[in-house]
Amino acid sequence: MYVRCIKPALDWLVAFLALLLLMPLLLAIALALVVTTGASPLFRQARIGLHGRIFYLLKFRSMTNARGPDGTLRPDSDRITPLGYWLRRTSLDELPQLMNVLMGQMSLVGPRPLLAEYDSAVGRYPRHQTRPGLTGWAQVHGRNALSWNEKFALDAWYVANRCFWVDCQILWRTLPVLLDTSPPAQRLLSDEDR
């Protein structure tokens, strides 16, 4: 009952209220991004959602599309803007995902959605039996310090044990995680694996 009815309703209500409360901040960030980059403030990226369906995750843009002489994108470290760096450090770049929650593509709590290019590598994992989340069990148990196998094991535990109290515990433990400044997670697949 909780997973099928109550959780989606709570997700929608909390996301709606959060967007209303955060609207001045969201508009200020969007305006600052337009002024500093001259581009759309939002970035869309294909991710794997519920039952392996692809959806487009929304984020505030943190990098430019600068390309090298050969036309390929320059390294991330060359393309990240000062504002984008700050947005990532504070996790404010993730706030537009509240719209993904409103659209029913994501949940407040669940496994973090993987890039669509990983579909064949992780299709058999139970993590896709629930909507991906803004935060999750793996995020509050080590985030970027965990290996991919550890993250997948924690995601599987969450899918098997998800309930109102586990979701409340994850949401409560998320704030200290947002202050974590550890390096980002390693890519799941190397270029040779794709």
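Located above this text is the structure these notes cover.
Small disclaimer: the values here were computed from a predicted structure and weren't measured.

Draft legend 1. Spatial organisation of the overall build of the protein chain. Regarding its fold elements, the protein chain presents seven helices and four strands. Ordered by position from the N terminus, the helices and strands of the protein chain form the series α-β-β-α-α-α-β-α-β-α-α. Once local pairs closer than 6 in sequence are excluded, the contacts in the protein chain between residues at least 24 apart make up 65%. Accessible surface computed for the protein chain: about 11100 Å², of which carbon and sulfur atoms make up 63%.

Draft legend 2. Summary view of the pairing of strand β1 (residues 42-48). Where β1 and strand β2 (residues 54-60) come together, seven bridges link them in antiparallel fashion. Looking at β2, one finds that glutamine 45 is bridged to leucine 57. Hairpin geometry of β1 and β2 is characterised by an intervening segment of five residues between the two adjacent antiparallel strands and by a positive phi of about 60° at histidine 51.

Draft legend 3. Spatial organisation of the nonpolar core. Residues Phe60, Trp137 and Ile170 are the most contacted members of the largest nonpolar core, which totals 25 residues. Contributions of two or more residues to this core are made by α1 (2-37), β2, α4 (97-102), β3 (107-109), α6 (148-161) and α7 (164-178). Element by element, the count of residues in this core is highest for α1, at six residues. The next biggest cluster of nonpolar side chains, apart from the first, holds five residues, and it includes Ile48, Leu114, Tyr118 and Phe152.

Draft legend 4. A look at the environment of leucine 19. Summarising the element assignment, leucine 19 is placed in helix α1. The exposure class assigned to leucine 19 is buried, which follows from its relative accessible area of 9%. Those residues within four positions of leucine 19 in sequence are excluded, and the remaining contacts are Leu26, Leu98, Met99 and Leu102.

Draft legend 5. Broad picture of the pattern of salt bridges. Enumeration according to the criterion identifies six salt bridges in this entry. The salt bridge partner of glutamate 94 is arginine 112, with a shortest N-O separation of 3.1 Å. Taken together, the residues glutamate 94 in the loop between α3 (82-89) and α4 and arginine 112 in the loop between β3 and α5 (119-122) connect sequence positions 18 residues apart. Here arginine 112 falls in the buried class, since its relative accessible area comes to 16%. Residue arginine 127 is joined to aspartate 155 by a salt bridge in which the shortest nitrogen-to-oxygen separation is 2.6 Å. Here arginine 127 is found in the loop between α5 and β4 (133-135), whereas its partner aspartate 155 is found in helix α6, with 28 residues between them in sequence. Residue arginine 127 shares its accessibility class with aspartate 155, and that shared class is buried. Sharing partners across several salt bridges, the network here consists of Lys59, Asp93, Glu94 and Arg112.

Draft legend 6. Spotlight on α6. Along its 14 residues, α6 runs 20 Å from first to last C-alpha, staying within 8% of the 20 Å computed at 1.5 Å per residue. Restricting attention to buried positions, one finds in α6 the residues Lys151, Phe152, Leu154, Asp155, Tyr158 and Val159. The buried residues of α6 all sit within an arc of 165° when viewed along its axis, so they share a single face. What points out from α6, more than 90 degrees from its buried face, is the exposed set Asn149 and Ala160.

About the thresholds
- Residues numbered from 1 in each chain as written.
- Predicted model: local features only at pLDDT ≥ 70, side-chain atom pairs only at ≥ 80, totals over all residues.
- Heavy atoms only, no water.
- Helix = DSSP H or I, 4+ residues; strand = E, 2+ residues; numbered from the N terminus.
- Contact = heavy atoms within 4.5 Å.
- Areas by Shrake-Rupley, 256 points an atom, 1.4 Å probe, with all protein chains shown as cover.
- Pairing = 2+ DSSP bridges.
- Core = buried A, V, L, I, M, F, W, Y, C linked by side-chain atoms within 4.5 Å.
- Buried < 20%, exposed > 50% of the residue type's maximum accessible area, 1.4 Å probe, protein only.
- Salt bridge = Lys/Arg side-chain N within 4 Å of Asp/Glu carboxyl O.
- Expected span 1.5 Å × (residues − 1).
- Arc of directions from axis to C-beta.

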